[in-house]
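Listed below are the residues making up each chain.
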Amino acid sequence: MNKIKKIILDNGLRIILAPQPQNLATTVLVLVEAGSKYETKEINGLSHFLEHMCFKGTKKRPTTMDISSELEEIGAQYNAFTGMEYTGYYAKAQSKHFSKILDIISDIYLNPVFKSEEINKEKGVVIEEINYIEDTPIRKVWDIFLEALYGDQPAGWDILGSKEVIQKLNREDFLKYRNEHYVAKSTIVVVAGNFDEKETIKEIQDAFKGIISEKKFGKVKTQESQNKPEVLLKFKQTDQTHLILGVRAFDIFDERKYALQILSDILGGGFSSRLVQKIREEMGAAYYVHSGADLYTDHGYLAVSAGVDNKKIDDVIKAILNEFKLLTEKAVVEEELQRVKDHLTGGLILGLETSDAIASFYGGQEIIAKKIISPEDLIKKIQAVKSEEIMAVAKDIFQNNKLNLAIIGPLSAKGGSASGGKDKRGLESILKI
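Residues numbered from 1 in each chain as written. Predicted model: local features only at pLDDT ≥ 70, side-chain atom pairs only at ≥ 80, totals over all residues. Heavy atoms only, no water.

A word on the packing of aromatic side chains
Link 1 in the chain: Summed over all chains, the structure comprises 14 aromatic pairs.
Link 2 in the chain: Taking 5.9 Å as the distance between ring centres and 70 degrees as the angle between the ring planes, the aromatic pair formed by Y89 and Y109 counts as edge-to-face. A residue pair is termed long-range when its members are at least 10 positions apart, and Y89 in strand β5 (residues 87-94) and Y109 in helix α3 (residues 98-110) qualify at 20 residues. As far as burial versus exposure is concerned, Y89 and Y109 are alike and both buried.
Link 3 in the chain: Both rings, one in Y89 and one in Y182, keep their centres 6.4 Å apart while their planes meet at 65 degrees; by these two values the pair is edge-to-face. Of this pair, Y89 sits in strand β5 while Y182 sits in the loop between α7 (171-181) and β6 (187-193), placing them 93 residues apart in sequence.
Link 4 in the chain: A relative accessible area of 0% places Y89 in the buried class.
Link 5 in the chain: Put simply, the rings of F55, Y78, Y89, Y109, Y182 and F208 pair up and form one aromatic cluster.
Link 6 in the chain: One cation-aromatic arrangement involves K215 over F217; the distance from NZ or CZ to the ring centre is 5.2 Å. (Phe/Tyr/Trp six-rings, centres within 6.5 Å; stacked < 30°, edge-to-face > 60°. Helix = DSSP H or I, 4+ residues; strand = E, 2+ residues; numbered from the N terminus. Buried < 20%, exposed > 50% of the residue type's maximum accessible area, 1.4 Å probe, protein only. Lys NZ or Arg CZ within 6 Å of the ring centre and 35° of its normal.)

The following block contains the structure:
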């Protein structure tokens, strides 16, 4: 990998340059410390809604068509995304179009006009996005899981918000929130691909000279509180039950995160992982089984997700819990450990072949942890993890009072499965490691 460069301007704006001279494309990614965890209950969903509105017109480009046509006529790929702790805007194009995509992305970031009539129209789009998620249980079950895990606080709220809140938001809400969070100190501009370093720095400085330099408003710290297993169920007439079974972990700054990453991959990181082999190949109970760990600035979790035969919910839950328990009792053998390490490192390298992936890799680290680690150093960290470290993490997180289960499926009125499964109380009774 080529050496990256991080520059902090006098106003606090951060620039990250990740050169790839061999690449024919360049990506411009702007990240800001603004997401659902920066919201109050009264404006929950505004971070995501604001992301939509940035594409609805600027002073220079008054309409959505003006923005999209300029990007599409040069064959650019572009989009935006909102999470708990940050929002991102990006465009990727042939390197010769770098100045154009920088101009457009900086324009939509710095100069949205938030026309009231456009806000009112876009409310319909956002509400239909909420409806889409409601009709997609493989995605909606994650909202239920986070609610089970964190309850009524920002980390437990839906990133898209509720229809009721979306309907009430107005132009003043957008302007106030943007002025509090879209400021220089909380903004990162990442450029990855083929570009001229000196010229790129100059163009970014010029493009972002009008950015707000006020103080940044923070977020409320996530509260961790649980003394018994938690179960949250949602009825939906589906042909399979979608479930997530997970545990509280730790934040992104904990050095045990590398052991956690390996532990997660052992469980459900690929077709040779323990849970895929057990639940899909041996039991024939699911099509998809996956394990992942998500860590944030003040909380984190490990979760196993699966789409399960409605009649085999209990058996699948018990199988997952049994694998949790095994990791606390028996050390991972060297052969399996090395295979998983190589799977992770190979996937990392293959995942960094494009300029947009490189931009996300470095920008994502900086926006969350304000510290960057290179792929080479990350691989060293992963390869250095020992079996006993994995067991220590397993013993810490796989405890009954950290278990959380979210389910969407054909449940009866009492909460049990329409095909004869247990109700909430029955599910709580089997949540034991």
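Regarding the confidence of the model for the protein chain
Link 1 in the chain: When the pLDDT values of the protein chain are averaged, the result is 95; 97% of them are 70 or greater.
Link 2 in the chain: A low-confidence stretch, residues 413-421 (pLDDT under 50), is modelled with 21 contacts involving residues beyond four sequence positions or located in other chains. (pLDDT = per-residue confidence, 0-100. Contact = heavy atoms within 4.5 Å.)

What about the side chain of R248?
Link 1 in the chain: Summarising the element assignment, R248 is placed in strand β8 (residues 241-248).
Link 2 in the chain: Residue classification places R248 among the buried residues on the basis of a relative accessible area of 7%.
Link 3 in the chain: Within the local environment of R248, its side chain forms a polar contact with the side chain of E224, the two groups lying 2.2 Å apart.
Link 4 in the chain: Polar contacts involving the side chain of R248 include one to the side chain of Q226, which spans 2.7 Å. (Polar contact = N/O pair within 3.5 Å; in protein donor to acceptor, adjacent residues only side chain to side chain.)

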